[in-house]
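Spelled out from the first residue to the last, the chains are:
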Amino acid sequence: MSRATPVAPPIRVQARGVGYDLVHSIALVGGVACALAFSVDVLVAQPVSGSVAGTGSSPGTGRAPDTGTEADANPISAIDWLSHSLATPRSLPEPEAPVTSGIVTDVISVQPLDAPSPDGVGLLPRAVTGLPTDLWGASELSTLIRMIADFPAEPLPAIQSQFRHLMLAELAPPRGSTRDGPMLQARVDALLARGAVEQAEALLARAGSNEPELFRRTFDVGLLTGREQAACARMRAVPGITPSFPVRIFCLARTGDWPAAALTLESAKALGQLSPEEDALLAQFLDPELSEILPPTAPPSRPSPLTFRMLEAIGAPMPTATLPLAFAHSDLRHTAGWKARIEAAERLARAGALSPDVLLAIYGERQPAASGGVWQRADLVQKLLRDLDASDAEAVGNSLGPAWSAMSSAGLAVPFARSVGPKLRGIDLSGKPAQLAPRIGLLSDAYEEVALELDTAADPTIAFAASLARGLPEGDPPGATAAAIAEAFSLDAPPAGDLMTRAVWDRMGEALLMALEAIAGGADTDPSDLAEALAFLRHIGLEDTARRAALQILLLETPA
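Residues numbered from 1 in each chain as written. Predicted model: local features only at pLDDT ≥ 70, side-chain atom pairs only at ≥ 80, totals over all residues. Heavy atoms only, no water.

**Concerning the overall build of the chain**
Test applied: A run of H or I in DSSP becomes a helix once it reaches four residues, and a run of E becomes a strand once it reaches two; helices and strands are each numbered from the N terminus. Each residue's exposure class comes from its accessible area (1.4 Å probe, protein chains only) as a fraction of the maximum for that residue type: buried when under 20%, exposed when over 50%, partly exposed otherwise. Contacts: residue pairs with any heavy atoms within 4.5 Å of one another. Where accessible areas are quoted, they stem from the Shrake-Rupley method and a 1.4 Å probe; at the residue level, only the protein chains shown are allowed to cover.
Across its full length, the chain carries 25 helices and six strands. Counting all 560 residues of the chain, 47% fall into the buried class. Of all intrachain contacts in the chain linking residues separated by at least 6 positions in sequence, the fraction that spans at least 24 positions is 64%. On the chain, roughly 27300 Å² of surface is accessible, and the fraction owed to carbon and sulfur atoms is 54%.

Spelled out as structure tokens, the structure:
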């Protein structure tokens, strides 16, 4: 008498592109477990034994092992904390040999119609950036991607701003661009590495591409901005996108289908598609009471946005201070503590990813509970803002110096100057505060107006910087760096060198990235290289960036 074949409960899955629900089961047939693996419009039965056969996945993970070939295929700029949100594609079986060779058929070539590359998508038009549409010219795609990936993460604020504008610019795609948008991937990764999450989200939305690597970034950005509901909805709606088991379970739970999420978790465990860490985290995510039974989940040193969100959901949030800058946006929410909000705002403002006015508003949310560190900065900035609002010149004179010193030592001089500088205009100061106010004003967005209002300055550095802000350096430069800056602003054209050579050979984008990188080092840059780079920026129409960078080199790296 034959035994009945045990059958697992049915799992209801929607086969994308087919348009109807398909019920499948995991069954033991002849002692071998079989699973139905889904791809678009195709179902392939494959045996299961620890790992899914035929996928090349590592046992217990369901993901492809790391190989040199696969690593080489990834974009150079790929950041290492993206979620594994898409399932590893499964290969179809080899076709069987033909029964007869007596029939001869003509060869038919089939290829998809070329789709426009998303690499040209941008948020800032030429009228805003001042950059030519064909900026990338004859440059090699791989060279541009490598230069973007290697660009300094924390350059001068003026250079950071210009680099961010370049990543957001609407330009013609570089040669060799493809529909999967390798250049767009590099630009999005560069924005995320600098905490510009909302700009990266807007750039991906403008592209509207469903290519897997771009979709991964769209999903993770949704998690970072707290809009995971929309990310999950799009994941379900896009044909041809197969989510990984952790993402599928997360999205089912987020949309309220807890029974399906639990059943999918059990199926993933049976198929060996989860690591022990993923299994424990997902189980606690679906049933928070398990957190009281299971040992505490060890936080990873480099969590993905998905892991970060699930740890937060089970009541084990990770501090963001040691995580990549993009995660700091999570602590800006009002559910975070005030100290965490201040620290996150300072990190983002330092990178130019948060408005200085938002930083100062967070400083003023409540009274500091202690002294030192962030509490001292919050207290000093609050006092200065109260004095400015009261237009009390004597009080401003007393509070300006300590606030400037505290913010400068924290690397926040430029955000402070951009917010406070315009408010100092019209305040009648005397003594040291009267000498400090022009320095702060020249680091603000209104640097040219401040320079025009400044008749004389006792400090030779301030006097030279004011003439530079007006566009024509005057007087003796105070030092070798100032002399290099004066040279850059006195030249009618950049000196013959690598930058101009690349520009002449239709590699203007490369030259611009090289010039920005040279200036990023500030006073540590060789004076001749600094002069060449600043002159090149002026030559291609980036006068404002050249002036801001020069002012920051002069005023941030000399004592007040």
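**Topic: unusual backbone geometry**
A positive phi is found at Ser391, a non-glycine position, where the angle reads about 55°. Here Ser391 lies in the loop between helix H15 (373-389) and helix H16 (393-409). Notably, Asp506 is not glycine yet its phi reads approximately 60°, a positive angle. By the element assignment, Asp506 lies in the loop between helix H22 (498-504) and helix H23 (508-520).

**Structural notes on the pattern of salt bridges**
Test applied: By convention in these notes, a salt bridge is any Lys or Arg side-chain nitrogen within 4 Å of a carboxyl oxygen on Asp or Glu.
All told, the structure shown has 24 salt bridges when counted by the stated rule. Salt-bridge contacts for Glu312 lead to Arg333; the nearest nitrogen and oxygen are separated by 2.3 Å. With Glu312 in helix H12 (residues 305-313) and Arg333 in the loop between H12 and helix H13 (338-350), this pair connects stretches of sequence that are 21 residues apart. For Arg333, a relative accessible area of 32% translates into the label partly exposed. For Arg502, the salt bridge is made with Glu510, and the minimal N-O distance between the two is 2.4 Å.

**A look at helix H18 (residues 432-442)**
Summarising burial for H18: eight of the eleven residues are buried, a large majority. Three or more residues of H18 are buried, namely Pro433, Leu436, Ala437, Pro438, Arg439, Ile440, Gly441 and Leu442. Buried residues belonging to H18 abut H16, helix H17 (413-424), helix H19 (447-453), helix H20 (460-469) and helix H25 (543-556).

**What to know about the nonpolar core**
Put simply, the rule reads: We define the nonpolar core as a collection of buried residues of types Ala, Val, Leu, Ile, Met, Phe, Trp, Tyr and Cys that are connected through side-chain atoms lying within 4.5 Å of one another.
Core analysis: the biggest nonpolar cluster contains 158 residues, and Leu166, Tyr363, Phe416, Ile485, Leu512 and Ile519 have the highest contact counts within it. Top contributing element to this core by residue count: H15, with eight residues. Filtering out sequence-adjacent residues up to four positions away, Tyr363 remains in contact with Trp338, Ile342, Glu346, Arg377, Ala378, Val381, Gln382, Met407 and Leu412.

**Concerning the confidence of the model for the chain**
As a reminder, the rule being used: The predictor attaches a confidence to each residue, and that confidence, scored 0 to 100, is pLDDT.
With 80% of its residues at a pLDDT of 70 or more, the chain has an overall mean of 82. Note that pLDDT drops below 50 for residues 1-77; the model gives that stretch 129 contacts with residues more than four away or on any other chain.

**Remarks on the packing of helix H14 (residues 356-363) against H17**
Helices that pack against each other are described as a pair by the angle of their axes relative to one another and the distance between those axes. Rule in force here: Fitted lines through C-alpha atoms serve as axes, helices being fitted only where they are in contact, and the angles separating the N-to-C directions of these axes extend from 0 to 180 degrees. In this scheme, roughly parallel covers angles under 35 degrees and roughly antiparallel covers those over 145, while 65 to 115 is roughly perpendicular and the rest are oblique. Note on residue classes: Ala, Val, Leu, Ile, Met, Phe, Trp, Tyr, Cys and Pro are nonpolar, Asp, Glu, Lys and Arg are charged, and everything else, Gly too, is polar.
Running from N to C, H14 and H17 cross one another at 90°; their axes reach a closest spacing of 8 Å. Judged by the inter-axis angle, H14 sits roughly perpendicular to H17. When H14 is examined against H17, the residues Pro356, Asp357 and Leu360 are found in contact with a partner set consisting of Pro415, Arg418, Ser419 and Val420. Tallied by class, the residues present in the contact of H14 with H17 amount to four nonpolar, one polar and two charged.

**Re the state of the cysteines**
Heads up, the rule is: By definition, disulfides here are pairs of cysteine sulfur atoms that lie within 2.5 Å.
Counted according to the given criterion, the structure contains one disulfide. Here Cys232 engages in a disulfide with Cys251; their sulfurs sit 2.1 Å apart. Judged by the sign of its S-S torsion, about -75°, the cystine formed by Cys232 and Cys251 is left-handed. Of this pair, Cys232 sits in helix H8 (residues 228-237) while Cys251 sits in helix H9 (residues 245-254), placing them 19 residues apart in sequence. Pair check on accessibility: Cys232 and Cys251 agree, each one buried.

**A word on helix H21 (residues 480-490)**
Three or more residues of H21 are buried, namely Ala482, Ala484, Ile485, Ala486, Ala488 and Phe489. Among the structural elements, H20, helix H24 (527-539) and H25 are those in contact with the buried residues of H21.

**With respect to the packing of helix H5 (residues 182-193) against helix H6 (residues 197-207)**
Counted only if it meets this: Put simply, a crossing is left-handed when the front helix is turned counterclockwise from the back one by less than a right angle, and right-handed when it is turned clockwise.
Orientation of H5 relative to H6, taken along the N-to-C sense of each, is 160°, at an axis distance of 8 Å. Taken as axis vectors, H5 and H6 run roughly antiparallel relative to one another. Of the two elements, H5 crosses H6, and the hand of that crossing is left-handed. Across the interface between the two elements, Leu184, Arg187, Val188, Leu191 and Leu192 of H5 pack against Val197, Gln199, Ala200, Leu203, Leu204 and Ala207 of H6. Taken together, the residues of the contact of H5 with H6 sort by class into nine nonpolar, one polar and one charged.

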